[in-house]
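Below, each chain spelled out in residue letters.
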Amino acid sequence: MRFHLALTLQALWAGVCQSAMQHYPAAWGHYDVCKSQVYSDEGLTWDYMACQPEAADMTQYLKVTLDPPNITCGDPPETYCALENPYMCNNECDATTDELAHPPELMFDTEGRNPTTFWQSTSWKKYPKALLVNITLSWNKTIELTDDIVLTFESGRPEQMVLEKSLDYGRSWQPYQFYATDCLDAFTMEPKTVQDLTQHTLLDIICTEDYSRGYVWKNDKTVRFEIKDRFALFAGPRLHNMASLYGQLDTTKNLRDFFTITDLRIRLLRPATGATMVDENNLSRYFYAISDIKVQGRCKCNLHANSCVYDKEKLSCECEHNTTGPDCGRCKKSYQGRAWSAGSYLPIPKGTANTCIPSNIGPVTRVCDNELLRCQNGGVCVNNVRCSCTSDYSGLLCENHRCESELGGCGGPDSGQAPLTRPSLPGLLLLLLLGPALLRDASCWPALL
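Residues numbered from 1 in each chain as written. Predicted model: local features only at pLDDT ≥ 70, side-chain atom pairs only at ≥ 80, totals over all residues. Heavy atoms only, no water.

A look at the overall build of the protein chain
Now for step 1: When its secondary structure is counted, the protein chain shows seven helices and 24 strands.
Now for step 2: Evaluated residue by residue, the protein chain yields a buried proportion of 42% over its 449 residues.
Now for step 3: For the protein chain, the share of sequence-separated contacts (at least 6 apart) that also reach a separation of at least 24 residues comes to 64%.
Now for step 4: Summing over all exposed atoms, the protein chain offers an accessible surface of approximately 24,500 Å²; the carbon and sulfur share of this is 51%. (Helix = DSSP H or I, 4+ residues; strand = E, 2+ residues; numbered from the N terminus. Buried < 20%, exposed > 50% of the residue type's maximum accessible area, 1.4 Å probe, protein only. Contact = heavy atoms within 4.5 Å. Areas by Shrake-Rupley, 256 points an atom, 1.4 Å probe, with all protein chains shown as cover.)

Following this line, the structure appears as structure tokens:
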């Protein structure tokens, strides 16, 4: 009899999970709300959710530095020849004249102007010494990339280039991707494309030859680091299954870190030459020029903020969930009742806020909610952590009369209460079977993956 009842309750629990799964919306949310007010049996309360800022053009918040610092053309003034025509030398660069100057900020201005604005380096006057330029983009803030990084070259695309990232504000660097007309010759790497990657090799660093063609391909001006193609390895074509991607980001730190940066560095190692041999008589044909850089992303706020402010040349999350810090990476001073934790994308669709709780509220285990594990007999659930019981009741869910612990019990002559009726066997079994599962923050989602 008891075995049959247990099987019945297990089937009921599986049905609850399946029902919850079926009610998830088809469209994946953007986690743009941190909390909302809801009505419950206890009245108007807060419902906390994981949240993050909207994606934006992050180039409006960066600081750019060049190494060497005097690598920008125009000081002294210089005349350049066209790569495809060494006798067309009517391009001037003069840092003292606005119309002829090409400073670094022109890599981030509004596109669509005529003529095009762009940054330009000095020419390869010191050949055969390599023409090397490092362009560093710094945010002084952790950023999560949400779209492809796109560089648009006004001149021919470089024949050798490396894109690098930093996660520690420029103290150390790791390659993101290598670019070359000949990967084996330049970096002793077999050429690959992002289409060669799989879920298991997504974090591999590759060298690609797709973006290093010479001047013949005059209309091919862009160099990409393909973020969305990597997302698609988990989210599917056209990113129709973002739930799968967010689930992977939620559980795999290395994957999360791969798309997180504090700085980017573009290492230009060899300019476009358009030929196998460099024309040493026309070195003013060879230089770098970039008209646009796009970096789409969002402030990393550990799913504890839905907005990020830019004040005094610094980005900072506007933290919710009783968290603080530039990345909402710690609990507020009076809310350290349990260890800080980042928010979670799961379960769908609201995620888990993992709010910081007051330091003095006692036990930190989740013991109640407003659905299946409600506080009984007028008790109120405080932050999903404990039930605040009325004066006549006690226990985990306020299920016990306080007089039970008194001399004579609840049926004693001095209790003033009728004898307490014990819960039925099915009720006890239901609490025993469902209680441990509901005490876990993960709910039924991991069991269904």
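Read on for the rest.
Observations concerning the side chain of serine 155
Now for step 1: When you line up the elements, serine 155 lands in the loop between β9 (149-153) and β10 (160-166).
Now for step 2: Only 3.2 Å separates the side chain of serine 155 from the backbone nitrogen of alanine 289, close enough to count as a polar contact.
Now for step 3: Setting aside chain neighbours within four positions, we find serine 155 in contact with Phe287, Tyr288 and Ala289. (Polar contact = N/O pair within 3.5 Å; in protein donor to acceptor, adjacent residues only side chain to side chain.)

A word on a negative patch on the surface
Now for step 1: Taken together, the side chains of Asp182, Asp185, Glu209 and Asp210 present a region of like negative charge at the surface.
Now for step 2: When you line up the elements, aspartate 182 lands in the loop between β11 (174-180) and α2 (183-187).
Now for step 3: The class for aspartate 182 is partly exposed, based on a relative accessible area of 37%. (Patch = residues over 30% accessible without salt bridge, like charges linked within 9 Å, V, L, I, M, F, W, Y side chains within 5 Å. Salt bridge = Lys/Arg side-chain N within 4 Å of Asp/Glu carboxyl O. Lys, Arg positive; Asp, Glu negative; His and termini not counted. Charge placed at Lys NZ, Arg CZ, Asp CG, Glu CD.)

Some remarks on the pairing of β11
Now for step 1: Taken across its seven residues, β11 has five buried, putting it largely inside the fold.
Now for step 2: Here β10 pairs with β11 via six bridges, running antiparallel. Across the sheet, residue valine 162 finds its bridge partner in β11, namely phenylalanine 178.
Now for step 3: Bridge analysis of β11 against strand β12 (residues 207-208) gives two bridges, and the strand direction is parallel. In the strand pairing of β12, tyrosine 179 is matched with threonine 208. (Pairing = 2+ DSSP bridges.)

Describing the state of the cysteines
Now for step 1: Evaluated as defined, the whole model comprises nine disulfides.
Now for step 2: Paired by a disulfide, cysteine 299 and cysteine 308 hold their sulfur atoms 2.1 Å apart. With the S-S dihedral at roughly -80 degrees, the linkage between cysteine 299 and cysteine 308 falls on the left-handed side.
Now for step 3: Exposure remark for cysteine 299: the relative accessible area of 4% places this residue in the buried category.
Now for step 4: What makes cysteine 308 partly exposed here is its relative accessible area of 24%. (Disulfide = S-S within 2.5 Å.)

Side note on the confidence of the model for the protein chain
Now for step 1: Mean pLDDT over the protein chain stands at 81; residues scoring 70 or higher make up 78%.
Now for step 2: pLDDT under 50 marks residues 413-449. Its contacts with residues more than four places away, or in other chains, come to 44 contacts. (pLDDT = per-residue confidence, 0-100.)

Concerning the nonpolar core
Now for step 1: Ranked by size, the top nonpolar core spans 60 residues in total, and within it Trp119, Ile135, Leu137, Trp139, Leu264, Leu268 and Ile293 carry the most contacts.
Now for step 2: Counting residues per element, this core draws most heavily on strand β8 (residues 133-145), at six residues.
Now for step 3: Excluding residues within four positions of it along the chain, tryptophan 139 makes contact with Met58, Tyr61, Leu62, Ile261, Thr262, Asp263, Leu264, Val295 and Leu315.
Now for step 4: Counting eight residues, the second-largest nonpolar core is a separate cluster that includes Val162, Ala180, Cys183 and Phe187. (Core = buried A, V, L, I, M, F, W, Y, C linked by side-chain atoms within 4.5 Å.)

Some details on the side chain of arginine 265
Now for step 1: With respect to the helices and strands, arginine 265 occurs in strand β14 (residues 260-270).
Now for step 2: Relative accessible area serves as the criterion here: at 18%, arginine 265 is assigned to the buried category.
Now for step 3: Within the structure, arginine 265 has its side chain in polar contact with the side chain of glutamate 164 (distance 2.7 Å).
Now for step 4: If we ignore the near neighbours within four places in the chain, the residues touching arginine 265 are Asn134, Ile135, Thr136, Val162, Leu163, Glu164 and Trp173.

Description of the packing of helix α3 (residues 227-235) against helix α4 (residues 242-251)
Now for step 1: Two elements in contact, α3 and α4, have axes whose closest approach is 7 Å; the angle formed by their N-to-C orientations is 100 degrees. The angle between the axes of α3 and α4 places the two elements in the roughly perpendicular class. Taken together, the residues of α4 that come into contact with α3 (itself represented by Phe231, Phe234 and Ala235) are Met242, Ser244, Leu245 and Gln248.
Now for step 2: Its residues assigned to classes, the contact of α3 with α4 comprises five nonpolar, two polar and no charged. (Axes fitted to C-alpha atoms, helices over the stretch in contact; angles between N-to-C directions. Parallel < 35°, antiparallel > 145°, perpendicular 65-115°, else oblique. Nonpolar A, V, L, I, M, F, W, Y, C, P; charged D, E, K, R; others polar.)

Notes on unusual backbone geometry
Now for step 1: The amide bond that connects aspartate 75 to the next residue, proline 76, takes the cis arrangement and shows omega of 5 degrees.
Now for step 2: Inspection of the secondary structure assignment puts proline 76 in the loop between β4 (63-67) and β5 (78-80).
Now for step 3: Residue proline 347 is bonded to the preceding leucine 346 through a cis peptide linkage, with omega at -5 degrees.
Now for step 4: Within the secondary structure, proline 347 sits in the loop between β20 (330-331) and β21 (380-382).
Now for step 5: The phi dihedral of leucine 239 is positive, around 55 degrees, even though this residue is not glycine.

A look at the pattern of salt bridges
Now for step 1: The full count for this structure, using the stated rule, is 14 salt bridges.
Now for step 2: Among the ionic pairs, aspartate 257 bridges to lysine 253, the shortest N-O distance being 2.6 Å. One end of the pair, aspartate 257, and the other, lysine 253, are both in helix α5 (residues 253-258), four residues apart, so they sit about a helical turn from each other.
Now for step 3: Overall, the relative accessible area of 52% leaves lysine 253 in the exposed class.
Now for step 4: In this structure, the salt-bridge partner of aspartate 292 is lysine 294, at a minimum N-O distance of 3.4 Å.
Now for step 5: One salt-bridge network, in which partners are shared between bridges, spans Glu164, Arg265 and Arg267.

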